Amino acid sequence: MKPRRARRRGAFTPYLFLAPGLVLFAVFRVYPLLEGLWLSFTNARLGRAQHAFVGSANYVRLLDDTRFHVSLVNTAYYTIASTVPILAVPLVLAVALNRGVALRTFLRGAFFFPFTLSVVTVGLTWLWLLDPVIGPSTYYLRAAGVPVRSWLADPSTAMWAIILTTVWWVTGYYLVIYLAGLQDIPRELYEAAAIDGAGGWRSFWSITLPLLRPVFLFVLVTHVIGSFQIFGQVFVLTNGGPGDATRTVVQHLYETAFQNFFHFGSASAMAWVLFVVILAFSLLQFRLLRGHTQY
Amino acid sequence: MPHRKLSSSRRRFLEGAALGATALALSPRRASAQAKPTITYWNGLTGADGKIMDELIDHFTRDTGIRMEQQRIVWADLYAKLQVAVPADEGPDLALIHTVEIPHFASDGILEPMADSATSAKGFKAEDYLPSTWQGGLYQGKRYAVPLDVPQHLLYVNVKVMRDAGLAGTDGKPKIPTTRDEVLAMAKQITKGDTFGFAIGTTNPGRYTWGFHNLLWQNGANVYAADFKRSGLGEPAALEVAEFWGAIQNQHKIAPPANANCRDAFIAGKLGLWIAGSWNFTGLREAKVDFVAAPVPRLFKQAVVWTMPHQYTFPKKKAVDAAKRDAAWAHVRWMSDHVAEWTLKAGQVSALRKPHTDSRVTADPVLRTLLGQAGQWQSGQATPKWVAAENITRPVIENVYIGQKPAAAAMSDLARQINALPD
């Protein structure tokens, strides 16, 4: 039997190994989070040493901030509208690539390539592609006799142009995750299903989709969290325009903190509202998609 | 003996090295160079003018021995960085900023006031400058900046587009519009397919506040009323401008879409008349575009031209290093003395009067056009809320431009938002 001291030392060992990571997490994640929470109850402004406690004034002001409301609606719209293509397009491509199509490795690399680009590069590329005067899309559509419109300057299409850009950008990333999930499904299940007379569609519906549930959950949760925080594509492609048609919460927050008077107190309140929304959606998704399929 | 030989040679080498080091240390030139400080300098000259600034800084260092560590940051990011860095005592020794940024930085304690005794001791005098630029360095009676140059609007006329539209004389020179009626008539004649007649702004013309301000000033309106206590955008003169802003896209259909890149369109020969900043013209020359520069046409009551002078400022330090401050002053003085070079190469008209009569400057047709507008220059109002009001203005005027919101409702909403800006 080990002496009590040795056992106690043994119990501490894992924490010693975890300590460097935990310290960094506490300093760079937890502390800023709590500091942000404190700032949200103050009239803090970037660059001013003094700030005073103002209670819930910043949160109350958000109730009257119509541009914040528009930003919330736009962010929710983007999140919901982009979810189906973000879930579906990489899945379709992954299933196709998993069947051993020709040039599989090349195609996997080609689909993944856009994800290696920075959001600014992606944004500027699509800005040029969709330019209403000198962009290639305008040129070819006009040449084909299709009525040309300014996708990014039309409130009814601007958000969809951003969604298209995002799908093109991140498809490769989710494709790789789906492929890993697909390769994890035992081949015997498909063989057994084939013996039982199941066709391709039936196998997909009854084997592939249920067994990909954990992967779906991961893709969905990470996509929704990322979508609520969308900023880069919007900033480069439309800067929130036309008007406020694509203005999102993070852009509104950024402008409040870094462009309009550097109001860190108000911006921190927005950040915490966004945090609560993301937390609520994440919990909801975990609840809806919990469970595990086994055969 | 080999050992003895080696030892002797090593001694000679060490003696030589020691002598050399002593000579270098005692050399007066070396001593002087070591005494010169290195200063940090932040600016937003991220375009072609940045390379010219590099050349001039190299020249300055050769002349004075003062080294400059330059950071070029996109203007909007530069201002956020100043706001963060200066209170943390991490700001630069010298910063070049736009005039309209001075009031809010001054009221936030980001900028060091310049004593009149210091500016006059360094040879900076009001009478050497154009009044509007010198006044722009003041906020609430204190000087915070010394002006460098005057970026401003002008009208670029695309010769090929004008000729194709039949708007050139028998000598091949394009006709130049000077009034609103002429601009509209010519722009309608040019606009066809993907070629547009008229635009204001480099990119995203729908939300180009600098162009909108130019038109406001031409109509005698402004963002704030004279007392700065309320917005002037609810006034009929501002509404008239907003209506024109929307009409060029929706009624006259002469302007490119709200998010067009007008500069690229002009270079590609798809834009005829273009009101844009003077900083574009060196790039157009490099792109070998056949264009003529003309004064900004009078689209409303008066021929006002928008300007946004660059100003040298000293971001605040907890403890001022006198040697570095002197070195920063030396650079401002040197640039002011060599500003004709800056004007000729970067295309920015000097805030100082002297280079305006330099024969090299007056020989350039574009610079001559810019100088000819000097009597009509106007800049933003000296209120700390100016920049925030401008940021709010962008989406509102874009909604008017694309026909999403009527001008009257948009202006009334904008005035309300500006009036609600916190102190």
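Residues numbered from 1 in each chain as written. Chains lettered and ligands numbered in written order. Predicted model: local features only at pLDDT ≥ 70, side-chain atom pairs only at ≥ 80, totals over all residues. Heavy atoms only, no water.

Q: Explain the environment of Val 120 of chain A here, please?
A: Residue and element names in this part refer to chain A. Relative to the helices and strands, Val 120 is located in helix α5 (residues 119-129). Relative accessible area serves as the criterion here: at 43%, Val 120 is assigned to the partly exposed category. Expressed as a C-alpha distance, the spacing of Val 120 and Phe 262, which sit 142 residues apart in the sequence, is 24 Å. (Helix = DSSP H or I, 4+ residues; strand = E, 2+ residues; numbered from the N terminus. Buried < 20%, exposed > 50% of the residue type's maximum accessible area, 1.4 Å probe, protein only.)

Q: Which parts of the structure should I look at to understand the sheet that holds strand β10 (residues 291-294) of chain B?
A: What links the strands of a sheet is backbone hydrogen bonding, and the strands pair in either a parallel or an antiparallel sense. All names here are of chain B. Strand order in the open sheet made by the four strands is β8-β9-β7-β10, with mixed pairing throughout. Two strands close off the open sheet at either side, each with one partner strand: β8 (196-200) and β10. For this sheet, the mean angle separating the axes of adjacent strands, direction not counted, is 20°. Relative to strand β9 (residues 271-277), strand β7 (residues 153-158) runs antiparallel, the two sharing five bridges. Its bridge partner being in β9, Leu 154 is matched across the sheet by Ala 276. (Pairing = 2+ DSSP bridges. Axes fitted to C-alpha atoms, helices over the stretch in contact; angles between N-to-C directions.)

Q: Got a minute to help me understand the environment of Leu 18 of chain A in this structure?
A: Residues and elements named next belong to chain A. Relative to the elements of secondary structure, Leu 18 occurs in helix α1 (residues 4-39). Taking the relative accessible area as the measure of exposure, Leu 18 reaches 48% and is therefore partly exposed. Counting along the chain gives 264 residues from Leu 18 to Ser 282, while the straight-line C-alpha distance between them is 26 Å.

Q: Explain unusual backbone geometry to me, please; I cannot follow it from the model alone.
A: Excluding glycine, residues mostly carry a negative phi; peptide bonds, for their part, are mostly trans. Cis geometry marks the peptide bond from Gly 241 of chain A to Pro 242 of chain A, where omega comes out at -5°. Along the polypeptide, Pro 242 of chain A turns up in the loop between α11 (232-237) and α12 (249-258). The phi angle at Gln 140 of chain B is positive, at roughly 50°, despite the residue not being glycine. Within the fold, Gln 140 of chain B resides in the loop between β4 (138-139) and β5 (142-143). For Gln 140 of chain B, a relative accessible area of 68% puts it in the exposed group.

Q: Is there a simple way to think about the domain arrangement of chain B in this case?
A: Interfaces are often described in size by the accessible area the parts lose on coming together. Residues and elements named next belong to chain B. Segmenting chain B into domains produces domain 1 (29-151 + 309-378) and domain 2 (153-306 + 381-419). Here domain 1 meets domain 2 over a buried area of about 1,900 Å², counting both sides, of which 61% is carbon and sulfur. Counting the surface domain 1 buries against domain 2, the share from its top three residues, Val 366, Gln 373 and Gln 378, is 30%. For the pair domain 1 and domain 2, the interface holds one salt bridge. (Domains from an automatic or database assignment. Buried area = accessible area lost by both parts, 1.4 Å probe. Salt bridge = Lys/Arg side-chain N within 4 Å of Asp/Glu carboxyl O.)

Q: Honestly, the sheet that holds strand β1 (residues 38-43) of chain B in this entry has me stumped. Any pointers?
A: All names here are of chain B. As summarised here, the arrangement of the five strands in space is β2-β1-β3-β12-β6, forming an open sheet in which the pairing is mixed. Looking at the sheet topology across the chains shown, the edges are occupied by β2 (67-72) and β6 (146-149). The sheet shows a mean angle of 25° between the axes of neighbouring strands, taken without regard to direction. As paired elements, β6 and strand β12 (residues 310-313) share three bridges and run antiparallel to each other. Note on β12: the bridge partner recorded for Pro 147 is Gln 311. Across the face of the sheet, helix α3 (residues 48-64) comes into contact with β1, β2, β6 and β12 while running at roughly 170° to β2. Sitting on the sheet, helix α4 (residues 75-85) is in contact with β1, β2, β3 (94-98) and β12, with an inclination near 130° to β3. (Contact = heavy atoms within 4.5 Å.)

Q: Could you clarify how one ought to interpret a nonpolar patch on the surface in this entry?
A: Residue and element names in this part refer to chain A. Together, Phe 25, Val 30, Leu 33, Leu 34, Phe 275, Val 276, Leu 279 and Leu 283 give the surface a local cluster of nonpolar side chains, amounting to about 720 Å² of exposed area. Looking at the nonpolar patch, the elements that each hand over two or more residues are α1 and α13 (264-288). Mapped onto the elements, Val 30 comes out in helix α1. (Patch = residues over 30% accessible without salt bridge, like charges linked within 9 Å, V, L, I, M, F, W, Y side chains within 5 Å. Areas by Shrake-Rupley, 256 points an atom, 1.4 Å probe, with all protein chains shown as cover.)

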